[in-house]
Amino acid sequence: MKLNHYIFFALFLIAGLATKAQSQAKADHPRSGQAQVDSIYFHLYTDSLKKGVHNYINVDGKLTDGRWLPLTFKDITFSASAGKWDGNSLIIDSSFKDEKVQVKAVLKSNPQIWKEVTIFMKTWDNPELLKTKEEVMQGSSSPARKNKRNRRGF
C-alpha cells in the first residue's frame, strides 16, 4: 500500500515539473506575448514576379527584444493590386500586362503595423540553355593557356 503512495507522489511530481517546463517553453516563444512584433519587413527572394507561378512573399517581424520572426498568412493580411493569394504566395495570371504589382502586408494582431512594396514583373525570359552532350565532350574551342609556372619549367 505504501508503495502505491510513493508511485502516486512520484507521478504527481513529474506531472507538475512537466507542466512547469511546458509553461516556460510557451513563455519563451516569441508569439506568446512576451516579445511583440514592433515592425515588419519584406525580405523578397527575388527582384521580380513571374506570371503563372507561386511567388512567395517573405515577410519578417522584428520583435521588441531585437529578434526576428518569420510571418505567415496566419500573422499577416496580404493584399495586392493584382493576382490571387495562396497563403504567402501571390499568383499572377499569365495574361497580366502591367509592369508592376503593389503588395501590402498588415499585421493581424496590430493593423497599425503594415508595409507596402512595389514589385516589378519579370519582363525578359532568359532560359539558360544547357550544353548538349556533344558540346560538353568537345570542350572549349580555344586552346588552353599554360600558366607562368608551366612555362618556366616548374
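Residues numbered from 1 in each chain as written. Predicted model: local features only at pLDDT ≥ 70, side-chain atom pairs only at ≥ 80, totals over all residues. Heavy atoms only, no water.

Colleague: Break down the confidence of the model for the protein chain for me, with residues and values.
Modeller: Across the protein chain, pLDDT averages 81, with 68% of residues at or above 70. Scored below 50 in pLDDT, residues 25-30 makes nine contacts in the model with residues more than four places away or belonging to other chains. (pLDDT = per-residue confidence, 0-100. Contact = heavy atoms within 4.5 Å.)

Colleague: Just give me the short version of the pairing of strand β10 (residues 114-121), but keep the residues and values in it.
Modeller: As paired strands, strand β2 (residues 48-49) and β10 are joined by two bridges and run parallel to one another. By the bridge assignment for β10, S48 is matched with F120. Here strand β9 (residues 100-107) runs beside β10; their pairing, made up of seven bridges, is antiparallel. Bridged to Q102 within β10 is T118. Hairpin connection, β9 to β10: the antiparallel pair is bridged by six residues. (Pairing = 2+ DSSP bridges. Helix = DSSP H or I, 4+ residues; strand = E, 2+ residues; numbered from the N terminus.)

Colleague: Describe the side chain of S48, with residues and values.
Modeller: Considering the arrangement of structural elements, one finds S48 in strand β2. Residue S48 is classed as buried on the basis of its relative accessible area of 10%. Leaving out residues up to four positions away in the same chain, S48 has contacts with I119, F120, M121 and K122. (Buried < 20%, exposed > 50% of the residue type's maximum accessible area, 1.4 Å probe, protein only.)

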